[in-house]
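A structural walkthrough
What follows is the residue order along each chain.
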Amino acid sequence: MSDHVSTGCDPLDELLGGGLERGAVTQVYGPPAAGKTNLALSAALDVAAGGDAALYIDTEGLSPDRMEQIARGRAGPNQTVDDLAGRLIVSEVFDYDEQTEAVQDTAEFAAEIELVVLDSATGFYRLRRDDDDGGETLRDVARQITHLLSLARKHDLAVLFTNQVFTDPDSDRSTALGGHTLNHWSGAILRLDRFRGGNRRATLEKHRAKPAGDTVQFSITDDGLVGDDGQQPPRRD
Ligand SMILES: Nc1ncnc2c1ncn2[C@@H]1O[C@H](COP(=O)(O)OP(=O)(O)OP(=O)(O)O)[C@@H](O)[C@H]1O
């Protein structure tokens, strides 16, 4: 078994030293429409195309149409979209308490899945942090991430969580919500940015085995994510 779970996009896998590392948590953050959900879906459906299962905790309202499009892009010639969708356990959550519960319940599936996606870890935190100044809720999100990390270690899973940005008034730069607390538990951190014309850039900000700062360019297409050389990711047999 590979040490990594593919993102479904070769250049992103290379940037990450092979993909999403098993036994660790990968954080993908960036501004709205940067491509975080597309990347998460691409990885989950790639797992499904490989014949394995993935758990997808969705706090944002996944588009079934988009899921179907990417599944079509990942499916091999002998696979249907339904084959892939059938290996995706989607847990839809509608508020913060449901998110907490869904993360807790991941333990029930851990033995039968290869990847857990939490998209997004901080959408509801963002709504709550004005009420409690972020303190308690942030500690709670961190507990969710450490719970997923312990499952990742125990069951050799990959975990991907997405995270949003806020603009730091001191530096005027957008940074990841949750700061050091969430970054500490992330074995790898990937920042996504979107540019005019739809081009996107992924920047490796933290990695166990690679220097930070490397980047790749990619685009979002009907099939999912493609590197800027325009090559489609290889389909499964
Ligand atoms: N079929 C497609 N072809 C090209 N681009 C697409 C396609 N489908 C979606 N997109 C692009 O993906 C963007 C949405 O990306 P995604 O949902 O992954 O962003 P995100 O980073 O998760 O954003 P948010 O933080 O708002 O959830 C759209 O704005 C659009 O630009």
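Just so you know, these numbers come straight off a predicted model, no measurement behind them. (Residues numbered from 1 in each chain as written. Predicted model: local features only at pLDDT ≥ 70, side-chain atom pairs only at ≥ 80, totals over all residues. Heavy atoms only, no water.)

Description of the sheet that holds strand 11 (residues 200-206)
Heads up, the rule is: Paired strands, in this sense, are two strands between which DSSP finds at least two bridges. The helix and strand labels rest on DSSP assignments: H or I over at least four residues marks a helix, E over at least two residues marks a strand, and numbering proceeds from the N terminus. Convention adopted: a line fitted to C-alpha atoms gives each axis, helices being fitted over their contacting stretch, and angles between N-to-C directions are expressed from 0 to 180 degrees. Here, residues are in contact when the closest pair of their heavy atoms is within 4.5 Å.
Here nine strands make up an open sheet; going across it, the order is 5-4-6-7-3-10-11-12-13 and the pairing mixed. Two strands close off the open sheet at either side, each with one partner strand: strand 5 (88-92) and strand 13 (224-227). Along the sheet, successive strands turn relative to each other by an average axial angle of 25°, direction set aside. Of the strands in this sheet, strand 3 (24-29), strand 4 (54-58), strand 5, strand 6 (115-119), strand 7 (158-163), strand 10 (188-194), strand 12 (215-221) and strand 13 touch helix 2 (residues 36-49), which is tilted by about 155° from strand 4.

Digging into the site of the ligand
So the rule is basically this: Nearness is defined per residue: one heavy atom within 4 Å of the molecule or strand is enough. Here a polar contact means two N or O atoms within 3.5 Å. Within protein one must be a hydrogen donor candidate and the other an acceptor candidate, and residues neighboring in sequence count only if both atoms are side-chain atoms. Only the protein chains shown count as cover for residues, and all accessible areas are computed by the Shrake-Rupley method using a 1.4 Å probe. Note on residue classes: Ala, Val, Leu, Ile, Met, Phe, Trp, Tyr, Cys and Pro are nonpolar, Asp, Glu, Lys and Arg are charged, and everything else, Gly too, is polar.
Residues in close proximity to the ligand total 16 residues, the closest being A33, K36, N38, E60 and D222. Here G35 contributes a backbone N or O atom positioned 2.9 Å from an oxygen atom of the ligand. A distance of 3.2 Å separates an oxygen atom of the ligand from a polar atom in the side chain of R200. Within the complex, the protein chains bury 68% of what would otherwise be the 650 Å² of accessible surface of the ligand. When residues of the shell around the ligand are traced back to their parent elements, those giving at least two are helix 2, helix 3 (64-74) and strand 12. In terms of residues, the shell around the ligand owes the most to one element, helix 2, which gives three residues. For the shell around the ligand, the class distribution of residues is five nonpolar, five polar and six charged.

Focus on the pairing of strand 4
Just so we agree on the cut-off: Each residue is placed in one exposure class: buried if its accessible area under a 1.4 Å probe, protein chains only, is under 20% of its type's maximum, exposed if it is over 50%, and partly exposed if it falls in between.
For strand 4, the buried fraction is high: five of the five residues fall into the buried class. With burial as the criterion, each face of strand 4 is covered, one bearing A54, Y56 and D58 and the other bearing L55 and I57. Summarising the sheet, strand 4 and strand 5 pair through five bridges and their orientation is parallel. Of the residues in strand 5, the one forming a bridge with A54 is L88.

Examining the environment of A142
Within the secondary structure, A142 sits in helix 7 (residues 135-155). Using a relative accessible area of 7% as the deciding quantity, one classes A142 as buried. Among all residues touching A142, those that are not within four sequence positions of it are T181 and L182.

Thoughts on the side chain of S186
Looking at where S186 falls in the secondary structure, it is placed in the loop between helix 8 (179-185) and strand 10. Using a relative accessible area of 1% as the deciding quantity, one classes S186 as buried. In this structure the side chain of S186 is engaged in a polar contact, spanning 2.9 Å, whose partner is the backbone oxygen of L182. The residues touching S186, leaving out its near neighbours within four places in the chain, are V25, Q27, F161 and K206.

Details of unusual backbone geometry
With omega at 5°, the peptide bond leading from D119 into S120 counts as cis. Examined against the element boundaries, S120 turns out to sit in the loop between strand 6 and helix 6 (123-132). A positive phi angle is found at D156, which is not glycine, with a value near 60°.

Observations concerning helix 7
Every α-helix carries 3.6 residues per turn, so stepping three or four residues along brings you back to the same face. As a reminder, the rule being used: A helix's residues, less one, multiplied by 1.5 Å, set its expected span.
Counted at 1.5 Å a residue, the expected span for helix 7 with its 21 residues is 30 Å, and the 30 Å between its end C-alpha atoms agrees. Among the residues of helix 7, T137, L138, D140, V141, A142, Q144, I145, H147, L148, L149, L151 and A152 are the ones counted as buried. Just beyond helix 7, the residue with positive phi is D156, at close to 60°.

Some words on the environment of E136
Along the chain, E136 falls in helix 7. Taking the C-alpha atoms as reference, E136 lies 34 Å from S6; in sequence the two are 130 residues apart.

Things to note about the nonpolar core
As a reminder, the rule being used: Buried Ala, Val, Leu, Ile, Met, Phe, Trp, Tyr and Cys residues form a nonpolar core when they are joined through side-chain atoms within 4.5 Å.
L12, L115 and L190 are the most contacted members of the largest nonpolar core, which has 38 residues in total. The leading source of residues in this core is helix 2, at nine residues. What L115 contacts, discounting residues up to four positions off in sequence, is V5, L20, A43, A44, V47, A53, A54, L55, A158, V159 and L160. Residues I113, A152, F161 and L182 belong to the second largest nonpolar core, which totals 28 residues.

Brief notes about the pattern of salt bridges
Heads up, the rule is: Should a side-chain nitrogen of Lys or Arg be within 4 Å of a carboxyl oxygen of Asp or Glu, the pair is scored as a salt bridge.
All told, the structure shown has nine salt bridges when counted by the stated rule. A salt bridge links R74 to D46, with the nearest nitrogen and oxygen atoms 2.5 Å apart. One end of the pair, R74, is in helix 3; the other, D46, is in helix 2, and 28 residues separate them in sequence. Note that E136 is salt-bridged to R139, the shortest N-O span being 3.3 Å. Taken together, the residues span about one helical turn, with E136 and R139 both in helix 7 at a distance of three residues.

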